[in-house]
Structures are given as structure tokens and as C-alpha cells.
Amino acid sequence: MAWSWVGRWRTPLLLLVPLLAWGWVRWGIGFDGLYGQDSFEYLRYATALRQWWLGGADPGWHAWPVGYGLTGALLSLAGWEGALAMQGISALALVATLYATRQLALLLQPQVERAVLDLYLLLGLALAPLLLRADVLVMSDLLALGWMMAALLCLARYREAQQGRWVALFALCAGLAMNTRYATLLPLLPAGLYLGWQLGRARRSGWLLAVLAIVAVTWIPHLLLKQGAAGELFHHYSLTLWSLHHWFERAFVTGDGYQSYRLPNLLYALYPLYHPALLLGGPLLLLGWRRGDLADPLARLLLAGLLLYLAFIAGIPLQNQRFLILAVPLVLLLLLPAALRLWYLLPRWARLGAVATALLFQLGLTAREMVPLLERNRWERALAAEVASYPAAPLYTFDVTMALRARGVPEPVIDLWLAPIEHYPTGAYVLFNAPRFARQWQGHRLMQNWDRLQRGYQLETLFQHGDGWTLYRITGVRHDG
């Protein structure tokens, strides 16, 4: 083995990869994990929760499950700076995912060489470009994945030991996973049904009731924080707009405007089987797969959860590669026997070259995935600094609303997307990118607000900032419109 000389330090070094990557990106490059609207909203909610606990205002509405923001708020109370804490959660969750995946792999393939397994997980999971990117982001994806994989490991431990503690831990981890991302219900559902069947067959009704009680307890923060909006998860667009027809479509009109993609949804949902940013050498691994690889009931449970989740993703009228991250460890576990067959088919002299090539490929593709994030992050900082240099006044904008608020632009910062706006005060600012938004948001209130502003008000251009972004000052009402 190319790295067997590392010996007993090999697995700890594997688990350190996410932390080392986070540290280098955070302190070496200066990237704080904030990118786009979603990450800023997670940070806002965590900060608002902390301030609420310390006597501040109600944290307000939050579109997503409360688990990630709640975890970030708890860490910030312990002294961690908000964005640092939430970035650190992602990195630690990837460490937990690596550990749980490795333990599950050992249960599925107990005879596997540890050095080969660690190398497989290094190249396939620790250095998977989209997971390594998520490792340094303020996003909930990896925390949900960590809890999900921990729950699956607890189920596997219960199959071995038949001990009640593993049942309780499965319920706890599954509940926390769903409270971080609702969609983790789907990959966990076959495992949960299997556990319920096992407990029922063994006439352990008390254990089954304990599972339900523990899962219910994990939902208490959701009920307390969401209150009247606690049932909104049943009205999420992924449920209300889900359709089997979307499997074969690649263009959609939703609340996010018009979106057109290169591939139909079903092929996009299968990315974890062949896209190099999610699975290195996927087509080769699929060629090496055999039906007998599903002999273990645990493998069949993983496959059922994977298929259920991907079928659901294919029916959502939206394509976002972040949604596919949950599938990656499941695919790696299911394809481990195929990877081992291919590995041992290679001559010993070819293995080092294959590993070096794979390593360079993963790092290069990771850099390609990271560059847009870093550029956007730097651009948002520069934009916020430039806008903040003008005298304070109301600012109307879109897409960068949360970034400007978080980076020091004085309030009020008003989002043009939220509601129709009939009147604008003289002296207010408008930051907009009409060429970029015109097609996607045609006919939406966002473009209606912009059109009404152009027709009804005199706009003075203050500066243009990259790729169509322009800052205007409203100098008065147009009398010729």
C-alpha cells in the first residue's frame, strides 16, 4: 500500500482532513464560509437566537429547520464567533460522517484491508469536491449528513448487539438529522421501518415507544421556535410542487422564477453515481458492481434509502447539487465491493499512479468548485464596503440583501422580491442588476417593482460594480412617466 507506512496514524490523519482543509481556507485564505443568501440567513438566525436568549427580540421567521441555527447559537454562547462556529460545525460534521461511514464499511466488509479502506474514503469522501466545499461553508448540509450517518451506524450496532442504547441513539440521531434537514427522513425511513419491525417481532414494545418518545423530544425545539409556523414543513415547495413529471423536465417556473437546466431532473438526481464532483470514477465502479453485493440486509436498507431519496430529489422543480450530498456516503458504501475488485485487478506498480492521478484530479476539481465561492465572497465584501461609504438612507436591492446586512450596510435594506412596492422615498438607494434578473424573473413582482421604479422615478447612477450591478440614488418623481 502506498501509504501503509503511516501505520496506526492513518485513520486519525484521515479524520483530520476536514479540519485541516477548514483551517487552511479560514485562516490561510480568509474565507469566512458566507456565500449567497442562504448562508447569511443561517448566520442571521443563529445570531438572533443567541440575542433572544440574552434578552433581545424574537429571532423572527426562519424558512428552514432550526437544528443548524440552534447548534450555531449554542456554540456562540460558549464563546465562538458566529460564522466561525457555524463553519466549524460543518467541518466537525464531515469528520463524524467519515467516522460513521468507515465503521459501517467495516461492518459490511469486515475482511477489508484497513489501508485500502482508508484510501477509498480519503479519495471518495474526505476529498470529494462538493463535500470538501461544503466543509468550509456556513450551510446545514454536512450537519444533517453527520446525524444521518450516525443514525445508520447506531442501527447497524443494534443489529450486532441487540442493546437498547443503540435503539435510543438511533432515535436521537435520526430526530436531530430531520431537525437539521427535513429530507433526511427519506434515506432513514427504510432503516426506521426495519428497526420498528425488529422491535415488534421481538415484542419489545417498550423500546418501540421509547424510539417514538425520543424522536418526539427532538422536535420540541422546532415546536417552540416555530410556534404558529411549526406546520410549514408540510407546505414546503418540495412537497407541494413535487411531481413525477419533473423527472423528465429540465425547465421550471416556481417562486424562484424561471430556471432552465442542461439535463432533465432524473439524470441530475443520478449525479451521485457518475458526476466526478460527487463520485470519483463512478462509471468504472458501477461496472464492477455485482448483485451479490447486496447480500447483507444492511446494504439493502442503504440502497432502499438511497433510491427513495433520489426519486424524491428528481421530482422537485429545482436542481441544486447541495441536495445530493446526502447520497454520497451511501453510494460509497454500496460500491465498496466493486472498488475493491477493481483495486485488486490493478498491478501493484499501477496502483500508486492511479492514486496519484485520482488525488490530483480531486484537488483540481475542488479548486474549480471553490473559486466561484471565494470570488463571490470577496465581491460581496467589496460591494458592501462601497455601498456603506455613502450617507445612510434606505436601500432597495435583491440577491445581496442578506450579505449587505451582515457586512455592515446600515438598515433599512429592503428586498425588492418580497412584496409589491408602490412608492419610493427620494434620496433612497437602489442596487440592482437588471440584465442578470430580466429573464429568470420576467413577470415576477421583482421585475414589476424594478419596472415601476424606472418608469416613475428619476435615478442617478452612482457606480457600477461588476457584471451589471449598478447603484442608483432616487432623486425625484418622474412627471413624464
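None of these values were measured; they are calculated from a predicted model.

The rules behind the values
Residues numbered from 1 in each chain as written. Predicted model: local features only at pLDDT ≥ 70, side-chain atom pairs only at ≥ 80, totals over all residues. Heavy atoms only, no water. Helix = DSSP H or I, 4+ residues; strand = E, 2+ residues; numbered from the N terminus. Rg over C-alpha atoms; globule rule 2.2 N^0.38 Å. Buried < 20%, exposed > 50% of the residue type's maximum accessible area, 1.4 Å probe, protein only. Contact = heavy atoms within 4.5 Å. Polar contact = N/O pair within 3.5 Å; in protein donor to acceptor, adjacent residues only side chain to side chain. 1 Å grid on protein atoms, 1.4 Å probe; cavity = no way out; pocket = protein on both sides within 12 Å on 5 of 7 lines; lining within 4 Å. Points joined across faces, edges and corners; volume = space filled by probe spheres on them. Nonpolar A, V, L, I, M, F, W, Y, C, P; charged D, E, K, R; others polar. Pairing = 2+ DSSP bridges. Axes fitted to C-alpha atoms, helices over the stretch in contact; angles between N-to-C directions. Core = buried A, V, L, I, M, F, W, Y, C linked by side-chain atoms within 4.5 Å. Salt bridge = Lys/Arg side-chain N within 4 Å of Asp/Glu carboxyl O. Phe/Tyr/Trp six-rings, centres within 6.5 Å; stacked < 30°, edge-to-face > 60°. Lys NZ or Arg CZ within 6 Å of the ring centre and 35° of its normal. Parallel < 35°, antiparallel > 145°, perpendicular 65-115°, else oblique.

## Comments concerning the overall build of the protein chain
Next up, step 1: Along its length, the protein chain carries 21 helices and seven strands.
Next up, step 2: Here the C-alpha radius of gyration of the protein chain, 24 Å, is about what a compact globule of 481 residues would show, namely 23 Å.
Next up, step 3: In terms of principal-axis extent, the alpha carbons of the protein chain reach across some 80 × 55 × 50 Å.
Next up, step 4: The proportion of buried residues among the 481 residues of the protein chain is 52%.
Next up, step 5: Long-range contacts, defined as pairs at least 24 residues apart, comprise 71% of the intrachain contacts of the protein chain with a sequence gap of at least 6.

## Some words on the side chain of R102
Next up, step 1: Here R102 lies in helix α4 (residues 82-108).
Next up, step 2: Take R102: its relative accessible area is 10%, and that puts it in the buried class.
Next up, step 3: In terms of polar contacts, R102 uses its side chain to reach the side chain of D118, at 2.6 Å.

## Topic: empty space enclosed by the protein
Next up, step 1: According to the stated counting rule, one finds one cavity of 30 Å³ or more in the structure shown.
Next up, step 2: If you add up the space inside the largest cavity, you get close to 60 Å³.
Next up, step 3: When its residues are assigned to classes, the lining of the largest cavity shows ten nonpolar, no polar and no charged.

## Points about the sheet that holds strand β3 (residues 395-397)
Neighbouring strands of a sheet are bound in pairs by backbone hydrogen bonds; such pairs are parallel or else antiparallel.
Next up, step 1: Read across the sheet, five strands follow the order β4-β3-β5-β7-β6 without closing on themselves; strand pairing throughout is mixed. Edge positions in the sheet fall to β4 (413-415) and β6 (457-464), since each has one partner strand and no second. The sheet shows a mean angle of 30 degrees between the axes of neighbouring strands, taken without regard to direction.
Next up, step 2: Direction of pairing for β3 relative to β4: parallel, over a ladder of three bridges. Paired with L395 across the two strands is V413, which belongs to β4.
Next up, step 3: Packed onto the sheet, helix α18 (residues 348-388) meets β3, β5 (429-432) and β6 and runs at close to 125 degrees relative to β6.

## A closer look at the nonpolar core
Next up, step 1: Core analysis: the biggest nonpolar cluster contains 122 residues, and L131, M149 and I313 have the highest contact counts within it.
Next up, step 2: With 14 residues, the top contributor of residues to this core is α4.
Next up, step 3: For M149, the residues in contact, after removing those within four places along its chain, are T97, A100, T101, L104, P329, L330 and L333.
Next up, step 4: If you look at the next biggest cluster of nonpolar residues, it comprises 32 residues, including A384, L453, Y457 and L471.

## Here's the deal with the pattern of salt bridges
Close approach of charged atoms allows side chains of opposite charge to pair.
Next up, step 1: Under the defined criterion, the tally for this structure stands at 18 salt bridges.
Next up, step 2: Here R322 and D141 are joined by a salt bridge, their closest N and O atoms 2.8 Å apart. Of this pair, R322 sits in the loop between α16 (297-314) and α17 (328-345) while D141 sits in helix α7 (residues 141-161), and the two are 181 residues apart along the sequence. Here R322 and D141 have matching classes, each one buried.
Next up, step 3: The residue D293 makes a salt bridge to R341 at a minimum N-O spacing of 2.5 Å.

## Structural notes on the pairing of strand β2 (residues 257-260)
Next up, step 1: In terms of strand pairing, strand β1 (residues 251-254) meets β2 through four bridges, oriented antiparallel. Looking across to β2, one finds that A251 is bridged to S260.
Next up, step 2: Counting the residues in the hairpin turn of β1 and β2 gives two residues.

## Digging into unusual backbone geometry
Next up, step 1: E411 connects to P412 through a cis peptide bond whose omega is 5 degrees.
Next up, step 2: A positive phi is found at R203, a non-glycine position, where the angle reads about 55 degrees.
Next up, step 3: Of note, D399 is a non-glycine position whose phi angle comes to about 75 degrees, a positive value.
Next up, step 4: Looking at the secondary structure, you find D399 in the loop between β3 and α19 (401-406).

## Topic: the layout of surface pockets
Next up, step 1: Each pocket or cavity is described by its volume, and for the second largest pocket that value is around 560 Å³.
Next up, step 2: Lining of the second largest pocket is provided by 21 residues; of these, L123, L280, L285, W343 and A358 occupy positions nearest its centre.
Next up, step 3: Breaking the lining of the second largest pocket down by element, the ones donating at least two residues are α5 (114-126), α15 (282-287), α17 and α18.
Next up, step 4: Across the lining of the second largest pocket, the residue classes tally to 18 nonpolar, three polar and no charged.

## A word on the packing of aromatic side chains
Next up, step 1: For the structure on display, the rule yields 21 aromatic pairs.
Next up, step 2: Look at W247 and F248: their rings are 6.3 Å apart centre to centre, the planes differ by 55 degrees, and that puts the pair in the tilted class.
Next up, step 3: For F248, a relative accessible area of 61% puts it in the exposed group.
Next up, step 4: Taken together, the ring pairs in this structure connect W379, F398, F432, F437, W441, W450, W469 and Y472 into an aromatic cluster.
Next up, step 5: Here R204 stacks its cationic end above the ring of W207, 4.4 Å away from the centre of that ring.
Next up, step 6: Positioned above the aromatic ring of W417, the side-chain terminus of R445 is 4.8 Å from the ring centre.

## Here's the deal with the packing of helix α1 (residues 10-29) against α5
Next up, step 1: Where α1 meets α5, the closest approach of the two axes is 10 Å, and the angle between their N-to-C directions is 5 degrees. Between α1 and α5, the angle falls in the class roughly parallel. Contacts between α1 and α5 involve R10, T11, L14 and V17 from the former and R114, A115, D118, L121, L122 and A126 from the latter.
Next up, step 2: Considering only residue class, the contact of α1 with α5 consists of six nonpolar, one polar and three charged.

## Quick notes on the pairing of β5
Next up, step 1: Because side chains alternate across β5, one face comprises the buried residues Y429 and L431, and the other comprises V430 and F432, equally buried.
Next up, step 2: Here β3 runs beside β5; their pairing, made up of two bridges, is parallel. Considered in β5, the bridge of Y396 is made with V430.

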